[in-house]
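# Analysis of the macromolecular model
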Amino acid sequence: MFARVRRGSVLQLAGIAVVAAVIASLIAYFVPWLPKPAGREADRIHFVYWFTTIICIAVFSVVAAALTYSVIHFRARPDDDSDGPPIHGHTTLEIVWTAIPAILVTAISIVSAIVLAENSKAGANPLVVKVLAQQFTWQFTYPNGKTYGYLTLPKGRHVKLDITSREGDVIHSFWVPELSQKQDAVPGQHNFLVVTPTRTGTFPVICTELCGLGHALMRSHVTIIGAAAFDKWVKGGGQAAAVPPGLAVFEDPQNGCGGCHTLKAAHATGTIGPDLDNVKADAAKAGRGSLAAYIHESIVSPGAYIVPGFTNAMPPGFGTRIPPDKLKQLVQYLEQNAK
Ligand code: CUA
């Protein structure tokens, strides 16, 4: 009789644990928590993430099973005012529930330590790029002395980023979500970050340390190209493939348009402000003159008309900050790319 009850309980506990594990696994797997990695270091960090997540799911399902089972079987009846049974601990149980977490946490520490050590190895001949942060821009200087407002990296080669902030400036932090790592940019100090790109594409460079009014706009981008294309890029004086002047204004970190707006032509994916691929439809709805006039007004006095569903979040002052000729190029560029 006793054995049959015990087996029933174990089966119930196991059943609840499996259901909890399946639900947690589905949430872990199908919600896109992390961007698709674009670097070897990011791959390793994602491995640690999944290693830890699997352990968490296992612990969660055991706890959820014990909890649910107890709530169902041991709850007090509405008319039961008696005290619970006096319990004085269970040494074996306590040793087990201390030892298992200790082993798991140690395993996570060891895996993390190995990944940290691997991720700081730059190999014998890394490409060293100096990264200079200041309110509110990024500058990237290559071994040939050339400096750019955006980063270009070769796929498959170790890159060592030598990160600092301008003397007298504040602390910033370098982050490319697809490369998974963050590194502080501190005035008077050089911090290093090793990245080994594994796929081509353009990804955002984000300042991830609150650094002042322009923090949210302190963005640039990294373009990862093939090793041969990179050599050609360096030999050709490091010019990006003929950027339209308006795109250069759009991407100028001083303006940081892509931080808040989506524009497919510029690989911008911001969602704080209206999607600029829809600017034609928005202009038609606004009814405030020609498309160019609407775009111009929206840049110089963003509060004049708010696209439904958005707030008056765009900083004023772009009208004075962007010189008139550049502003004209930007308006033209946005007009041309409106669908
Ligand atoms: Cu620089 Cu935030």
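Residues numbered from 1 in each chain as written. Predicted model: local features only at pLDDT ≥ 70, side-chain atom pairs only at ≥ 80, totals over all residues. Heavy atoms only, no water.

## Looking at the overall build of the protein
- Secondary structure summary: the protein contains 9 helices and 12 strands in total.
- Rg of the C-alpha trace for the protein: 28 Å, well past the compact-globule value of 20 Å for 339 residues, more than 25% over.
- If one aligns the C-alpha atoms of the protein with their principal axes, the spans along those axes are about 90 × 60 × 40 Å.
- Burial statistics for the protein: of 339 residues in total, 36% are counted as buried.
- Counting contacts in the protein only where the partners sit at least 6 residues apart, residues at least 24 apart contribute 63% of the total.
- Taken as a whole, the protein presents about 19,700 Å² of accessible surface, with 64% of it coming from carbon and sulfur. (Helix = DSSP H or I, 4+ residues; strand = E, 2+ residues; numbered from the N terminus. Rg over C-alpha atoms; globule rule 2.2 N^0.38 Å. Buried < 20%, exposed > 50% of the residue type's maximum accessible area, 1.4 Å probe, protein only. Contact = heavy atoms within 4.5 Å. Areas by Shrake-Rupley, 256 points an atom, 1.4 Å probe, with all protein chains shown as cover.)

## Some words on the pairing of strand β9 (residues 201-207)
- As judged from the 2 bridges shared by strand β6 (residues 172-175) and β9, these two strands associate in the antiparallel manner. Each residue of the ladder has a partner; that of tryptophan 175, found in β9, is isoleucine 206. (Pairing = 2+ DSSP bridges.)

## Some points on helix α7 (residues 291-300)
- Within the span of α7, buried status applies to Leu291, Tyr294, Ile295, Glu297 and Ile299.
- On the buried face of α7, the contacting elements are α6 (279-286), α8 (318-321) and α9 (324-337).

## Thoughts on the nonpolar core
- Judged by nonpolar contacts, the single largest core of 30 residues is most densely connected at Val129, Trp138, Phe140, Leu151, Leu153, Leu161 and Phe174.
- Residue assignment for this core shows that the elements contributing at least two residues are β1 (127-134), β2 (137-141), β4 (151-154), β5 (159-165), β8 (191-195), β9, β10 (219-225) and α4 (227-235).
- No other element matches the 4 residues that β1 contributes to this core.
- Discounting residues that sit within four places of it in the chain, phenylalanine 174 has contacts with Val131, Trp138, Phe140, Leu151, Leu161, Ile163, Gln181, Lys182, Gln183, Leu193, Val205 and Ile206.
- Counting residues in hydrophobic clusters, the runner-up holds 25 residues, among them Ala268, Val279, Val307 and Leu330. (Core = buried A, V, L, I, M, F, W, Y, C linked by side-chain atoms within 4.5 Å.)

## Section: the sheet that holds β5
- The strand order across the open sheet formed by 5 strands is β3-β2-β1-β5-β8, and the pairing between neighbours is mixed. Here the strands that pair on one side only, and so sit at the sheet edges, are β3 (147-148) and β8.

## Quick word on the packing of aromatic side chains
- This structure, assessed with the given rule, holds 12 aromatic pairs.
- With 5.1 Å between their ring centres and 80° between their planes, tyrosine 49 and tryptophan 50 make a pair best called edge-to-face.
- Here tyrosine 49 falls in the partly exposed class, since its relative accessible area comes to 27%.
- Look at tryptophan 50 and you get partly exposed, because its relative accessible area is 32%. (Phe/Tyr/Trp six-rings, centres within 6.5 Å; stacked < 30°, edge-to-face > 60°.)

## Observations regarding the pairing of β6
- The pairing of β6 with strand β7 (residues 182-185) spans 4 bridges and is antiparallel. By the bridge assignment for β7, phenylalanine 174 is matched with glutamine 183.
- The hairpin formed by β6 and β7 contains 6 residues between the paired strands, and serine 180 there has a positive phi angle of roughly 70°.

## As for unusual backbone geometry
- Put simply, glutamine 135 and phenylalanine 136 share a cis peptide bond, and its omega is -5°.
- Relative to the elements of secondary structure, phenylalanine 136 occurs in the loop between β1 and β2.
- For serine 180, which is not a glycine, the phi torsion comes out positive at approximately 70°.
- Mapped onto the elements, serine 180 comes out in the loop between β6 and β7.

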